[in-house]
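Spelled out from the first residue to the last, the chains are:
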Amino acid sequence: MLDQNKIKTFNKEQLPSHKINFDHLEERLTQKGLDLEAVVDQIGALQIAVPSWALGTGGTRFGRFSLGGEPSTLEEKIKDVGILHALNQSSGAISLHIPWDIPKDYNAIKDLANGLDIVFDAVNSNTFQDQAESLHSYKFGSLSHIDKAVRKEAILHNKEVINHGIELGSKALTVWLADGTSFSGQHDFRGAFQRTLESLEEIYDHLPSDWKLLIEYKPYEPNFYSMVIPDWGTSHLLASKLGDQASTLVDLGHHLPNTNIEQIVALLMHLNKLGGFHFNDSKYGDDDLTVGSIKPYQLFLIFCELVKGMRETANPELSWMIDASHNLKDPMEDLLQSVESIKIAFAKALLVDYDRLKVAQSKNDVAGGQSILQEAFRTDVRPLVKESIYRKGGALDALEAYRYFDIRNKLISERGRDSKSTGL
Ligand code: AFD
Ligand code: MN
Ligand code: MN
């Protein structure tokens, strides 16, 4: 549907001179001893995994308004990520959700992804919905369930998810548990924690030696009184008890209002236990809104901790993934906006003069420290992001190009107005 020549034609119309103007930045970067080429390369190298479940309309418990042309097979999902990646050259990975995305033919799926320059990031298990072949119900939990038989089934499911991932070249399993309670007295907190730990130990033992186990946390929903893994501390405690291959996954929407997420990111990196992200944004809860659309300064501060952490800690390679649910926007447009927000926050964080910041902190120069950060945040880095994508053959304006090529209508004519994606 999209090839580099078509994108080149689009770019030529957008920018006949083929020269993106970032003179104002060049001088500033040089002043700060930053090499423009290196900054552009770093921005270009950042690849953000697209969640397979977010390529369709997510819906809420109050309804779902599909817009048609949605991918209803794994092949179609991979093709959609291929379109995004052709446009922004920054979505070179997909995160699958099992059993929604079980390949029928691993080699065919790998060839399809490979042909689109896409790799498989973390695979996600699902013990929050009863599966067709489920002998038991996950209604009262899974890895923490009081009934050993249910726990065994949930453990087996996670091992199967790892096996699917191994076939596809994935190197990480993300475990998010819906386990918890909605009423006091429903279960014993310590017993539920211990059962969860022991279940995770069995899953951990099944991990290949080059895999990661990413343990996600969430303070509420679908349970509303307690969750078995409610916060970063519990996730970190489990990851520490399990071993070096286990770490914490930070989903930006999984914090109570006003939580200082950048501090959590800093501490997890200090402990070499930050495994990766599910990027989104929220106003009130796990709203799964477009990352950077509500709190762009928070996203920038998170990236400042990431840039420092990647330079100063031994934290392992991160999994950069989006996790959002689109109800009002075209999912593909939302994902293009998400990736752009992430790249802009990262580019701004690269511009911060961390040496000067350290000096300000050593003198308790509060205003000085704040202005160093805000000066970078207030810099328009879009030309750098555009250049990093343009050099790799992407579109100068991915969202504009998506509309210019009328992709949604092409998908609707190909797949029909009623095609619905599986998943959340
Ligand atoms: C829901 C959960 C959690 C999980 C995702 C995919 O809140 O974020 O990572 O589904 O399973 O959003
Ligand atoms: Mn998530
Ligand atoms: Mn979530």
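Conventions used here
Residues numbered from 1 in each chain as written. Chains lettered and ligands numbered in written order. Predicted model: local features only at pLDDT ≥ 70, side-chain atom pairs only at ≥ 80, totals over all residues. Heavy atoms only, no water. pLDDT = per-residue confidence, 0-100. Helix = DSSP H or I, 4+ residues; strand = E, 2+ residues; numbered from the N terminus. Donors = N, O, S within 2.8 Å, 3.2 Å for Na, K, Ca; no water. Tetrahedral: all angles 85-135°; square planar, octahedral: opposite > 155°, others 65-115°. Buried < 20%, exposed > 50% of the residue type's maximum accessible area, 1.4 Å probe, protein only. Expected span 1.5 Å × (residues − 1). Contact = heavy atoms within 4.5 Å. Polar contact = N/O pair within 3.5 Å; in protein donor to acceptor, adjacent residues only side chain to side chain. Axes fitted to C-alpha atoms, helices over the stretch in contact; angles between N-to-C directions. Parallel < 35°, antiparallel > 145°, perpendicular 65-115°, else oblique. Left-handed = near helix turned anticlockwise from the far one by under 90°.

A look at the confidence of the model for the chain
Part 1 of the reasoning: When pLDDT is averaged along the chain, the result is 96, and 100% of the positions lie at 70 or above.
Part 2 of the reasoning: Averaged pLDDT values for the elements of the chain fall to 85 in helix 2 (residues 23-31) and rise to 99 in helix 7 (residues 189-205).

Re the coordination of the manganese ion (ligand 2)
Part 1 of the reasoning: Within the protein, the atoms that donate to the manganese ion (ligand 2) are Glu216 (OE), Asp251 (OD), His278 (ND1) and Asp323 (OD), at distances of 2.1 to 2.2 Å.
Part 2 of the reasoning: Every donor counted, the six donor atoms about the manganese ion (ligand 2) form angles of 71 to 166° at the centre, which fits octahedral coordination.
Part 3 of the reasoning: Between the two metal centres, the manganese ion (ligand 2) and the manganese ion (ligand 3), the spacing is 3.9 Å. Of the two residues, His278 is situated in strand 9 (residues 274-279) and Asp323 in the loop between strand 10 (319-322) and helix 11 (331-351); the sequence distance between them amounts to 45 residues.
Part 4 of the reasoning: The exposure class of His278 is buried, given its relative accessible area of 2%.
Part 5 of the reasoning: Accessibility expressed as a relative area gives 9% for Asp323, which makes it buried.

Observations regarding the coordination of the manganese ion (ligand 3)
Part 1 of the reasoning: The protein atoms donating to the manganese ion (ligand 3) are His254 (NE2) and Asp286 (OD), with metal-donor distances spanning 2.3 Å.
Part 2 of the reasoning: Overall, His254 belongs to the buried group, its relative accessible area being 3%.
Part 3 of the reasoning: The exposure class assigned to Asp286 is buried, which follows from its relative accessible area of 17%.

Remarks on helix 6 (residues 148-168)
Part 1 of the reasoning: An ideal rise of 1.5 Å per residue puts 30 Å on 21 residues; helix 6 measures up with 31 Å between its terminal C-alpha atoms.
Part 2 of the reasoning: Its buried side turned inward, helix 6 meets strand 2 (93-97), helix 5 (106-115), strand 3 (119-124), strand 4 (172-175) and helix 7.
Part 3 of the reasoning: If you check the start of helix 6, you find a side-chain oxygen 2.8 Å away from the backbone N of Ala149, and it comes from Asp147.
Part 4 of the reasoning: Downstream of helix 6 by a residue or two, Gly169 has a phi angle that is positive, lying close to 90°.

Some thoughts on the packing of helix 12 (residues 354-362) against helix 13 (residues 366-377)
Pairs of packed helices are described in terms of their axes, by the angle between the two and the distance that separates them.
Part 1 of the reasoning: The N-to-C vectors of helix 12 and helix 13 enclose an angle of 160°; their axes lie 8 Å apart at closest approach. Judged by the angle between their axes, helix 12 and helix 13 are roughly antiparallel. Seen from above, helix 12 lies across helix 13 with left-handed handedness. Facing helix 12, whose interface residues are Arg356, Leu357 and Ala360, helix 13 presents Gly368, Gly369, Ile372 and Leu373.

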